[in-house]
Every structure is written in C-alpha cells, then in structure tokens.
Amino acid sequence: MTAQIPPEARQSAIDISTTWLSQAGLRPTRQRVNLATLLVGDGQDRHVTAESLYDASRSSADPVSLATVYNTLKAFCDAGVLREITVDGSKSYFDTNLTDHPHFYWEDEGRLSDAPADQLVLASVPDAPEGMEISKVDVVIRLRGK
C-alpha cells in the first residue's frame, strides 16, 4: 500500500521526498519525486511491489509508466534507500525500512509485513563458501490460514 496524501499535505510530502532523494545522491527528477512521495511522503514505512506502486502512480497527479517504476525502484535500491525482498524467487517487494528485521509473508493475501525482530533468534548461519562472504540474511516467515 502506498501513501494517500491529502492535498493540503502534498507540498510537505514532496519536500520530504525530495530530501530523501537528495540525501541518497539521487537527482530529484519529476518521476522520482512522484514515486518517492508515494513511498515515503507521509513518513511511514511500507512494503510495495512494482505493480502496486504503478497502480498508485496511475491515480496520482503525475502518473508514470510501469517501466519507469521498475527502473526507479532499481535506482532506489542501488542508492540504498530501498531494500528488495524476494518471495518465491520471482515476486519482489520493496521495503522502505532499512533496519535488519524479519518479515511475514501472508500467502493468502500476497502481502509482506514486518515481523517482530526482538522475537527472532538466529544461533548461527552456515559458513560462506571459500572466497565468499555473507552480505545479508533475509528472513521471510510464510503464513497461511489454518
């Protein structure tokens, strides 16, 4: 779900988004500002897919193409302001919360949410193969109705 920003708060949301982009070293183009405003303009963390962000963009004042959404999400990830979480090897979610934390994947709803990090205990992880190092560990806990 992306931010639904009331018209009276739009300029503040644009300012937040422009600052977010600038601090990441990204040029605040019209398309990037539009998508960043949908992602972080209200100051809340969220998980989105490219398709859900595209849908939100289509109903915004300045819609962008699906290809632009994909390219922009990649640029945001490359700049370190979004984190990509892959589920099922093919479905990607993009998380604005960059802290280390696990996720719940709600299979029945196709939704990703944060799981309580303080309840996760990892005693150890396997050693990396020779010549490699572990760059991160993603924990996705899959849920389905009983």
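Owing to the predicted nature of the structure, the values given are computational and were not obtained by experimental measurement. (Residues numbered from 1 in each chain as written. Predicted model: local features only at pLDDT ≥ 70, side-chain atom pairs only at ≥ 80, totals over all residues. Heavy atoms only, no water.)

Observations concerning the confidence of the model for the protein chain
Close inspection of predicted coordinates is inappropriate in any region flagged by low pLDDT. The pLDDT averaged across the protein chain works out to 89; a share of 94% of its residues lies at or above 70. Confidence, read as mean pLDDT per element, is least for helix 1 (residues 10–23) in the protein chain (87) and greatest for helix 4 (residues 66–78) (96). (pLDDT = per-residue confidence, 0-100. Helix = DSSP H or I, 4+ residues; strand = E, 2+ residues; numbered from the N terminus.)

Description of the side chain of Asp-62
Within the secondary structure, Asp-62 sits in the loop between helix 3 (50–58) and helix 4. Of the polar contacts made by the side chain of Asp-62, one reaches the side chain of Arg-30; its length is 2.6 Å. Residues contacting Asp-62, with those up to four places away along its chain left out, are Arg-30, Asn-34 and Ser-57. (Polar contact = N/O pair within 3.5 Å; in protein donor to acceptor, adjacent residues only side chain to side chain. Contact = heavy atoms within 4.5 Å.)

Focus: helix 3
Taken together, the buried positions of helix 3 are occupied by Ala-50, Leu-53, Ala-56 and Ser-57. Seen from one end, helix 3 has its buried residues packed into an arc of 125°, which puts them on one side. Elements in contact with the buried residues of helix 3: helix 2 (30–40), strand 1 (47–48), helix 4 and strand 3 (91–95). (Buried < 20%, exposed > 50% of the residue type's maximum accessible area, 1.4 Å probe, protein only. Arc of directions from axis to C-beta.)

Quick word on helix 4
Taking 1.5 Å of rise per residue, the 13 residues of helix 4 would be expected to cover 18 Å, and the 18 Å separating its terminal C-alpha atoms lies within 8% of that figure. Those residues of helix 4 that fall on the buried side of the exposure criterion are Val-69, Thr-72, Leu-73, Ala-75 and Phe-76. Take helix 4 and look down its axis: the buried residues cluster within an arc of 160°, on one side only. Among the exposed residues of helix 4, those pointing more than 90 degrees away from its buried face are Asn-71, Lys-74 and Asp-78. In the core, the buried residues of helix 4 are packed alongside helix 1, helix 2, helix 3 and strand 3. (Expected span 1.5 Å × (residues − 1).)

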